[in-house]
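Fold and contact review
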Amino acid sequence: MFHFISAIGWLFLQPLGLAAILIAVSFVTAFFGWRRLSMMAGGFSFLVLFLSAWTTLGALVLGPLEDRFHKLE
């Protein structure tokens, strides 16, 4: 059970998986006619992809984690 929950949790935590889920939500809500929610989900998926791919946000988040552990020499 823990493996199933951790696999779904990781899908939401990685940027590409989150963007894919948001795009799917955007398509489903557009199909039902909820235009505002569809546009918000699509825009948020673009924002997630933009921040994770074309900015230094990933390096800023990983920097403190890498600095916590000493490098082996």
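In this numbering scheme, every chain counts its residues from 1 along its sequence in written order. With the structure being a predicted model, the display of local features is reserved for residues of pLDDT at least 70 and the display and counting of side-chain atom pairs for 80 or more, all residues being used for whole-chain, interface and lining totals. As a convention, hydrogens and water are excluded, and side-chain values are obtained from all of the structure's heavy atoms.

1. Some points on the packing of aromatic side chains
Only centres within 6.5 Å qualify two rings of Phe, Tyr or Trp (six-membered ring in Trp) as a pair; their planes then separate them into stacked at under 30 degrees, edge-to-face at over 60, and tilted for everything else. Under the criterion given, the structure shown has 4 aromatic pairs. Between Phe31 and Phe32, the aromatic rings sit 5.5 Å apart at their centres with planes inclined by 70°, giving edge-to-face as the arrangement. Judged by centre distance (6.0 Å) and plane angle (40°), the rings of Phe50 and Trp54 are tilted. The exposure class of Phe50 is partly exposed, given its relative accessible area of 36%. We call a residue buried when its accessible area falls under 20% of the maximum for its residue type, exposed when it is over 50%, and partly exposed in between, using a 1.4 Å probe and counting protein chains only. Classification of Trp54 by relative accessible area gives exposed; the value is 62%. An aromatic cluster of three or more residues is present, and its members are Phe31, Phe32 and Trp34.

2. A look at the UniProt feature "transmembrane region" (unreviewed entry) in the chain
Taken from the UniProt record, the annotation "transmembrane region" (unreviewed entry) applies to residues 12-34 and 46-65. Secondary structure elements follow DSSP: runs of H or I of four or more residues count as helices, runs of E of two or more count as strands, with numbering from the N terminus. Along residues 12-34 one finds 83% helix and 0% strand; the C-alpha atoms at either end are 23 Å apart. Span residues 46-65 is 85% helix and 0% strand, its end C-alpha atoms 26 Å apart. UniProt positions are given in the numbering used here, feature names are shortened, and annotations may be inferred rather than shown by experiment.

3. Details of the packing of helix α1 (residues 2-13) against helix α2 (residues 15-31)
Axes here refer to lines fitted to C-alpha atoms; in helices the fit is confined to the stretch in contact. Angles between the N-to-C directions go from 0 to 180 degrees. Following both chains from N to C, one finds α1 and α2 inclined at 85°, their axes separated by 5 Å at the closest point. Classified by the angle between their axes, α1 and α2 sit roughly perpendicular to one another. Residues Leu11, Phe12 and Leu13 of α1 pack against Pro15, Gly17, Leu18 and Ile21 of α2. Any residue outside Ala, Val, Leu, Ile, Met, Phe, Trp, Tyr, Cys, Pro, Asp, Glu, Lys and Arg is labelled polar, Gly included; the first ten of those are nonpolar and the last four are charged. Its residues placed into classes, the contact of α1 with α2 shows 6 nonpolar, 1 polar and no charged. With respect to orientation, any angle under 35 degrees is reported as roughly parallel, any angle over 145 as roughly antiparallel, any angle of 65 to 115 as roughly perpendicular, and every other angle as oblique. Two residues qualify as a contact provided that any one of their heavy atoms is within 4.5 Å of a heavy atom in the partner residue.

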